[in-house]
Amino acid sequence: INFTCADFLCDTITVMPIRDNGFFIRYYEQMKALSLFGGNRAKIMSIFYNMLHRLSYDALYNPIMPALKYIEENYQNANLTNAMLARVCKISEIYFRKLFTAQFQTTPKQFIIDLRIQKAKQLLSEGVLKINAVSELCGFSNPYHFCRVFKEKTGCTPTEYMKQNRIYKIW
């Protein structure tokens, strides 16, 4: 679920794995149908709060949630490994990778890279930092690796992205 925020410059990304996506799809479809007609705000909010409750409940009983929290807080660490994340979850590395891949349909390493690219896009659109600083803040071992991965993921270089997506603030 993506939320449109009034303030574009959010500095956190929260990831919550979902066990039963059918449950959330059904609720989403109900909300979508209700949104077509006026006067359903209370019912839509009720469904939305049920979804949030289910997400929080699932998060409490998910063995890889500690790793997600750790990734969120330490994505800028270039030395982040599956072994570290498995230790945080108190499970074996093999079991961790298996659970993670089953829940996110991607490897932990790819997940971290995608998160780093999202953060880099945000920093680049602000247009304040140089490419080297963005690379370092986002956990890439060197700027050349960052530029290569960024272009591979987005189709443009960090410099091109910055020029095309710069957010201008009027003070």
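As shown above, the structure is provided for reference.
About the thresholds
The residue numbering used here restarts from 1 in each chain and proceeds along that chain's sequence as written. In keeping with the model being predicted, local features are shown solely for residues with a pLDDT of at least 70 and side-chain atom pairs are shown and tallied solely at 80 or more, while totals for entire chains, interfaces and linings include all residues. Only hydrogens and water are set aside; all other atoms, that is, all heavy atoms of the structure, feed into the side-chain values. Only protein chains enter the area calculation, which uses a 1.4 Å probe; residues under 20% of their type maximum are buried, those over 50% are exposed, and those in between are partly exposed. Numbering of helices and strands starts at the N terminus; helices are DSSP runs of H or I of at least 4 residues and strands are runs of E of at least 2. Residue contacts are defined here by distance: any two heavy atoms, one from each residue, within 4.5 Å place the two residues in contact. Every axis in this analysis is a line fitted to C-alpha atoms, fitted for helices over the stretch in contact. Angles between the N-to-C directions lie between 0 and 180 degrees. Note that the term roughly parallel is reserved for angles under 35 degrees, roughly antiparallel for angles over 145, roughly perpendicular for angles of 65 to 115, and oblique for everything else. By the definition used in this description, the sense in which the near helix is turned from the far one sets the handedness, with an anticlockwise turn below a right angle giving left-handed and a clockwise turn giving right-handed. Three classes are used, and their members are as follows: Ala, Val, Leu, Ile, Met, Phe, Trp, Tyr, Cys and Pro are nonpolar, Asp, Glu, Lys and Arg are charged, and the others, Gly among them, are polar. Centre distance within 6.5 Å is the pairing criterion for rings of Phe, Tyr and Trp, where only the six-membered ring of Trp is used; planes under 30 degrees apart are then read as stacked, over 60 as edge-to-face, and the remainder as tilted. Working rule for helices: expected span equals 1.5 Å times residues minus one. The arc in question is the one traced by the directions running from the helix axis out to the C-beta atoms. Each polar contact in these results corresponds to two N or O atoms within 3.5 Å; when the atoms are within protein, one needs to be able to donate a hydrogen and the other to accept it, and residues that are neighboring in sequence are counted only if both atoms are side-chain atoms. The method works on a 1 Å grid over the protein atoms by themselves. A cavity is a set of points holding a 1.4 Å probe that cannot get out, a pocket is an open set with protein on both sides within 12 Å along at least five of seven lines, and residues with an atom within 4 Å of a point line them. Grid points are joined across faces, edges and corners, and a volume is the space filled by probe spheres set on the points. The definition of a nonpolar core used throughout is a set of buried Ala, Val, Leu, Ile, Met, Phe, Trp, Tyr and Cys residues joined through side-chain atoms within 4.5 Å.

### Focus: helix H4 (residues 82-89)
Those residues of H4 that fall on the buried side of the exposure criterion are Asn82, Met84, Leu85, Ala86 and Cys89. Those residues of H4 that are buried lie in contact with helix H3 (65-74), helix H5 (93-104) and helix H6 (108-126). Of the residues trailing H4, lysine 90 is marked for its positive phi of about 60 degrees.

### Concerning the packing of H6 against helix H9 (residues 158-165)
Contact geometry of H6 with H9 gives a least axis separation of 8 Å together with a crossing angle of 55 degrees. Classed by the angle they form, the pair H6 and H9 counts as oblique. Between H6 and H9 the crossing geometry is right-handed. Note on element contacts: H9 touches H6 through Pro158, Tyr161, Met162 and Asn165, opposite Lys121, Leu124 and Ser125. Of the residues in the contact of H6 with H9, the class split is four nonpolar, two polar and one charged.

### Considering the packing of aromatic side chains
Considering all chains together, one arrives at ten aromatic pairs under this definition. Judged by centre distance (5.5 Å) and plane angle (75 degrees), the rings of phenylalanine 150 and tyrosine 161 are edge-to-face. Of this pair, phenylalanine 150 sits in helix H8 (residues 143-154) while tyrosine 161 sits in helix H9, and the two are eleven residues apart along the sequence. Tyrosine 161 matches phenylalanine 150 in its accessibility class, with the two residues each being buried.

### A word on H8
End to end, H8 covers 16 Å across twelve residues, agreeing with the expected 16 Å (1.5 Å per residue, within 8%). All of the buried residues in H8 are Phe146, Val149 and Phe150. All buried residues of H8 fall inside an arc of 105 degrees around its axis, so they share one side. For H8, the exposed residues lying more than 90 degrees away from the buried face are Tyr144, Arg148 and Glu152. If you follow the buried residues of H8, they end up packed against H6, helix H7 (131-137) and H9. The N-capping residue of H8, defined by a side-chain oxygen 3.0 Å from the backbone nitrogen of tyrosine 144, is asparagine 142. Just downstream of H8, glycine 155 is the residue with a positive phi angle, here 90 degrees.

### Re the layout of surface pockets
Quantified by volume, the second largest pocket comes out at close to 190 Å³. Every residue lining the second largest pocket is listed: Ala78, Leu80, Thr81, Asn82, Lys109, Ile112, Ile113, Arg116, Gly139, Phe140, Ser141 and His145. Among the elements that line the lining of the second largest pocket, the one with the most residues is H6, at four residues. Here the lining of the second largest pocket is built from residues that sort into five nonpolar, five polar and two charged.

### Description of the nonpolar core
As a rule of thumb, soluble globular proteins bury nonpolar side chains together. Residues Ile64, Ile71, Leu85, Phe96 and Phe100 are the most contacted members of the largest nonpolar core, which totals 19 residues. Sorting the residues of this core by element identifies H3, H4, H5 and H6 as the ones contributing at least two each. Each residue touching phenylalanine 96, except ones within four places of it in the same chain, is listed here: Ile64, Ala67, Asn82, Leu85, Ala86, Cys89, Ile91 and Pro108.

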